[in-house]
Amino acid sequence: MAVFVILAVALIASAVGVISAKNPVHSVVALLTNFAALAVLYLTLSGEFLAMIQMIVYSGAILILFVFVIALLGAGTSVGDLGPNRLAKVMTPAVIVGALALVVLGYALLHAQNPSGGGMLGAATILPGSQSQIAAVTIMPGADGAFGSIADFGRALFTTYLLPFELTAFVLLIAVIGVVVLAGGGAPERRKAAIREPIAKPKRRMEPTR
Amino acid sequence: MIEALPLWLLVAIKSLVLLIIVITLFAYTMLAERKVLAYMQLRVGPNKVGPWGLLQPAADALKMIFKEDLTPSSADPLIYRLAPFIAVFTALLAYAVIPFSQGEHGPWSIANVNAGILFVFAITSMGVYGISLAGWASGSKYPLLGSVRATAQMISYELAMTMSVIGVILQASTTSLSGIVEAQSRMWFIVPQFLGFLIYIITAVAETNRVPFDLVEAESELVAGFHTEYSGLRFGLFFIAEYINMITVSCLATLLFLGGWSGPGSSGHPLLGLLYFVIKVFAFLFFYIWLRGTLPRLRYDRLMAFGWKVLLPLATLNLLVTAIVVALWY
Amino acid sequence: MNIIAIFKGLATTFGYMFRRKATIDYPFVKRAHASRFHGLHELRRYEDGMERCIGCELCQIACPANAITVIGAENTPEDRHSPGERYAFRYEIDELRCIFCGMCEEACPTDAITLTPRFEMANYTRNSLIYDKSKLLVPAEYGVGEAPHERPGGLPADLGEVARIKSTMEPERGYLATWRGIDILTSEGKTYMPTPAGGELVREPEKLKGGE
Ligand code: SF4
Ligand code: SF4
């Protein structure tokens, strides 16, 4: 319990830090703390795999891209430099959307008691040792059936939640294609010209003098 | 007697011992690097402090401690100070799960977790924050360029690295590091996973920012890259982190591909197993130093092209083939 | 990417690990350098102990680095330092400014200021590297060295001869150097030369003289 309280406080504090920091890099550091605290929270729920994936994917890959972009675009500009404050205009819709989200979240949480309901906490209700043998991976001794084990996780992902999983993958694929279309535009010759080797290769190979 | 100790005390003692060992190992890896490089360049390397220069690390540590700790006025003070600690912290944390030998009561490690290999990857993927935040927080252009390079390079190569390791995980059908070693009792994974091994070795060099992939601190272009502005102990921390990361990836390579502590007559003899493990790790460390003494630095666009156009497709292919083989024959 | 080339390179560096090292273990082993080497200055005396310097300030004018300061004074019968009319009342060389070109030596009409092959004069303070007369003037008991019988500037072969004899040290026996306050005599008449193979070429110092 004490661990949970500490983690919860750290989570909320860092989340507030993310949106209140003036400097984007400070926001990133706060978000990193947030992710780390969340991963530890997963660990306390014996969601080892989830915790690790949380760290690898979110902190190790996604958040570092934030740092990359911020560093590349120059983080010297603070919020005020970018023009008039538009926060006032978006305040009302933001509050409405936020309240709606809260209602949906509360509803889902309240109705997630039913294990077969597949509510938002459905992932936690997977029964150990489900019948499907679809996973090619043979299950690690001692880990099978343990709550949060990788085998269960994979099995749930590819059976119970196959459709959402594939849909999500599809959405990400669309994003990737979109990026390629947006960034990779231009005639192929022109691109080629831009990246051609700047230094001509020497005709003869130079032999080291002995 | 050991059983009588409370768990937290046991873990604390283990951690302390390991910390001392790892730091000592770091110090002497550094010395070995200087010596080997010197020998490859027809020099003799440090030989004045102590017999054969063996006390050189102590002298270096003293020097680092007594150097002035500068913070540039353009730096972001908080993150500038935080970054070296992130680097060292993440570098050391990986040792929480790395097993070194197999005893009667289980592997010799601080913690034997099921998701061991994932833990190591999760932790090492944090290591890049130390570098990129340091470069950004220094508030000058060379560190910034270095850190931007670091970020791009680490993301690109981490992908191929993870892919190459998933082949091993599939074949061992476990993510526990000691389980992976046990799965290699018949055959070291370097044989069936040779392509994966090659990819792992190359990407590991890139992940630790070592020659020939040390674009991050390319001194001919970027002064010293991300740690240009750092001095004194903070610079020393980055130094420690770099070498410890090097030892970590060597340990991982040993565990994943070279059968860890297994060797002739090692079962039932944990100390012999430890010896095998250490020898294998040292072989990898020597290989790293050897590479540094031999290869010139890659051009940056070639580095990126190599990562994305050669290593990643190869790793994917390796993963695919392994998955099919494992699905059909295991 | 040429994989074969990478392996070739690896083999090369591995092989080099076992070659003879080119390093000379410097403070403990020293190479003899050319006998014409320009190092630390000294102010010479005549056989009778008189200072050669006559305070003419020609070296000060010749010095391209403005490293020399000479303040001359008249000799009196009671207080005679040099055989001429004047002597150097103060004579200072800032060794930090000096580029060891040897112009002062060439300018000196009495062969008083001379460059020796000594070069190890590192110190902790700038002031300690401003050498005054007390450091430059050779004590009488150290001898006078051989006087050059010909001005430099003639044939290159002569240059070598002049340089060889101009030092109070014995070039055949290497040079005297100080390390941590201890005088070390090294080289035992041999010249160490590093070669690309890491070996060494031992030559007798006699062959060095007479224009090398
Ligand atoms: S050697 Fe050259 S620079 Fe030095 S004091 Fe003599 S003239 Fe000046
Ligand atoms: S050292 Fe020679 S040139 Fe200099 S003042 Fe004395 S006599 Fe003149």
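Fair warning: this is a prediction, and the values are worked out from it, not measured in the lab.

As a further point, take the site of ligand 1. Taken together, C:His41, C:Cys63, C:Pro64, C:Ala65, C:Ile68, C:Cys98, C:Ile99, C:Phe100, C:Cys101, C:Gly102, C:Met103 and C:Cys104 form the complete shell of residues around ligand 1. Its residues assigned to classes, the shell around ligand 1 shows 10 nonpolar, two polar and no charged.

A separate point is the side chain of B:Thr151. Position of B:Thr151 relative to the elements: it lies in helix α5 (residues 141-172). Among the polar contacts listed, one links the side chain of B:Thr151 to the backbone oxygen of B:Ser147, at a separation of 2.6 Å. Leave out the neighbours within four places in its chain, and B:Thr151 touches A:Ile64, A:Phe68, B:Val128 and B:Ser132.

Once that is clear, we can look at the packing of helix α4 (residues 116-137) of chain B against α5(B). Residues and elements named next belong to chain B. Viewed as axis vectors pointing N to C, α4 and α5 meet at an angle of 170°, and their least axial separation amounts to 8 Å. As the angle between them shows, α4 and α5 are arranged roughly antiparallel. Taken together, the residues of α5 that come into contact with α4 (itself represented by Ile117, Phe121, Ser125, Val128, Ile131, Ser132, Gly135 and Trp136) are Pro143, Leu144, Ser147, Ala150, Thr151, Met154, Glu158, Met161, Val165 and Ile169. Of the residues contributing to the contact of α4 with α5, the split by class is 12 nonpolar, five polar and one charged.

Contacts between chain B and chain A engage 31 residues on the former and 29 residues on the latter. Between chain B and chain A, roughly 2,700 Å² of surface is buried when both sides are summed, and carbon and sulfur atoms account for 76% of that area. Within the residue set of the side of chain B that touches chain A, elements represented by two or more residues are α3 (77-93), α4, α5 and α11 (300-329) of chain B. Tallied by class, residues from the side of chain B that touches chain A come to 19 nonpolar, eight polar and four charged.

Before going further, it helps to examine the nonpolar core. In terms of nonpolar packing, the biggest core is built from 120 residues, with B:Tyr95, B:Ile117, B:Tyr129, B:Leu133, B:Leu177, B:Tyr200 and B:Leu256 touching the most fellow members. Two domains each put at least three residues into this core: domain 1 (1-66) and domain 2 (74-329) of chain B. Every residue in contact with B:Tyr95, bar those within four places of it in the chain, is listed here: B:Leu18, B:Val22, B:Phe100, B:Ile110, B:Ile244, B:Ile247, B:Thr248 and B:Cys251. In terms of nonpolar packing, the next biggest core, distinct from the first, is built from 23 residues, C:Cys63, C:Tyr91, C:Ala112 and C:Leu115 among them.

Turning our eyes to something else, we now look at the site of ligand 2. In the vicinity of ligand 2 there are 13 residues, among which C:Cys53, C:Cys56, C:Glu57, C:Cys59 and C:Cys108 approach most closely. Taken together, the residues that form the shell around ligand 2 break down as 10 nonpolar, two polar and one charged.

Ring pairs (aromatic) are described by centroid distance and by the angle formed between their planes. Counted according to the given criterion, the structure contains 18 aromatic pairs over all chains. Between A:Phe35 and A:Tyr58, the ring centres sit 5.6 Å apart and the planes meet at 55°, which makes this aromatic pair tilted. Linking A:Phe35 in helix α2 (residues 24-44) with A:Tyr58 in helix α3 (residues 48-73), this pair joins segments that are 23 residues apart in sequence. Between the aromatic rings of B:Phe235 and B:Phe239, the centroid separation amounts to 5.6 Å while the plane-to-plane angle is 40°, which identifies the pairing as tilted. Of the two residues, B:Phe235 and B:Phe239 both sit in helix α9 (residues 232-257), four residues apart, roughly one turn of that helix. Its relative accessible area of 24% is what places B:Phe239 among the partly exposed residues. Directly above the ring of B:Tyr142 sits B:Lys141, whose terminal nitrogen or CZ lies 6.0 Å from the centroid.

Here we take up the confidence of the model for chain C. One rule of thumb: low pLDDT means the predicted coordinates there are not for detailed reading. Residues and elements named next belong to chain C. Across chain C, the average pLDDT comes to 69, with 63% of residues at 70 or higher. When the elements of chain C are averaged for pLDDT, strand β6 (residues 176-179) gives the smallest value, 36, and helix α2 (residues 58-62) the largest, 90. Under a pLDDT of 50 for its full length, residues 147-212 has, in the predicted model, 125 contacts with residues more than four places off or in other chains. Interface confidence for the predicted complex, given as ipTM, is 0.77, next to a pTM of 0.70.

Listed per partner, the contact involves 16 residues of chain B and 17 residues of chain C. In this assembly, chain B and chain C are joined by zero salt bridges. Remark: the boundary between chain B and chain C carries five residue pairs in polar contact (both at pLDDT 80 or more). With five residues, helix α10 (residues 270-294) of chain B is the largest single contributor of residues to the side of chain B that touches chain C. Along the lines of polarity and charge, the residues of the side of chain B that touches chain C split into 11 nonpolar, three polar and two charged.

The subject of this paragraph is the domain arrangement of chain B. Residues and elements named next belong to chain B. Per the domain assignment, the segments making up chain B are domain 1 (1-66) and domain 2 (74-329). Placing the centre of domain 1 and that of domain 2 at their C-alpha centroids yields a distance of 20 Å. At the junction of the two partners, domain 1 supplies 18 residues and domain 2 supplies 23 residues. Together, the buried faces of domain 1 and domain 2 total about 1,900 Å²; carbon and sulfur atoms form 84% of this surface. When the buried surface of domain 1 facing domain 2 is broken down by residue, Phe26, Glu33 and Met64 rank first, second and third, together holding 30% of it. Two residues, Arg292 and Glu33, come together in a salt bridge whose shortest N-O distance is 2.9 Å. At the junction of domain 1 and domain 2, the tally comes to three residue pairs in polar contact (both at pLDDT 80 or more). Where the side of domain 1 that touches domain 2 is concerned, the elements lending two or more residues are α1 (7-40) and α2 (56-66). Top contributing element to the side of domain 1 that touches domain 2 by residue count: α1, with 16 residues. Here the side of domain 1 that touches domain 2 is built from residues that sort into 14 nonpolar, two polar and two charged.

Definitions and limits used
Counting restarts for each chain, with residues numbered from 1 along the sequence as it is written. Lettering for chains starts from A, numbering for ligands starts from 1, and both go in the order in which the items are written. Reporting of local features is limited, given that this is a predicted model, to residues whose pLDDT is at least 70; pairs of side-chain atoms are given and counted only at 80 or more, and all residues count toward the totals for whole chains, interfaces and linings. By convention in this description, side-chain values take in all heavy atoms of the structure and omit both hydrogens and water. Each residue is tested against the molecule or strand, and it is near if at least one of its non-hydrogen atoms lies within 4 Å. Residues are sorted three ways: Asp, Glu, Lys and Arg are charged, Ala, Val, Leu, Ile, Met, Phe, Trp, Tyr, Cys and Pro are nonpolar, and all the rest, Gly among them, are polar. A run of DSSP states H or I qualifies as a helix once it reaches four residues; a run of E qualifies as a strand once it reaches two. Both are numbered from the N-terminal end. Counted as a polar contact is a pair of N or O atoms within 3.5 Å, where, for protein atoms, one must be capable of donating a hydrogen and the other of accepting one, and residues adjacent in sequence contribute only when both atoms are in side chains. For this analysis, residues touch if any pair of their heavy atoms sits within 4.5 Å. Axis geometry follows a simple rule: fit a line to the C-alpha atoms, using only the stretch in contact for helices, then measure angles between N-to-C directions, giving values from 0 to 180 degrees. In these notes the angle categories are as follows: under 35 degrees is roughly parallel, over 145 is roughly antiparallel, 65 to 115 is roughly perpendicular, and the rest is oblique. Accessible-area loss on putting two parts together, using a 1.4 Å probe and summing over both, is the definition of buried area adopted here. Take the buried residues of types Ala, Val, Leu, Ile, Met, Phe, Trp, Tyr and Cys, join any two whose side-chain atoms come within 4.5 Å, and each joined set is a nonpolar core. Exposure classes here rest on a 1.4 Å probe applied to the protein chains alone. A residue is buried below 20% of its type maximum, exposed above 50%, and partly exposed in between. As used throughout, domain bounds are those supplied by an automatic or database domain assignment. By convention, a stacked pair of Phe, Tyr or Trp rings (six-membered ring in the case of Trp) has centres within 6.5 Å and planes under 30 degrees apart, an edge-to-face pair has planes over 60 apart, and any other such pair is tilted. Lysine NZ or arginine CZ positioned within 6 Å of the ring centre and within 35 degrees of the ring normal marks a charge as sitting over the ring. Each residue carries a pLDDT score, the predictor's own confidence in it, on a scale running from 0 to 100. For this document, the term salt bridge refers to a Lys or Arg side-chain nitrogen within 4 Å of an Asp or Glu carboxyl oxygen.

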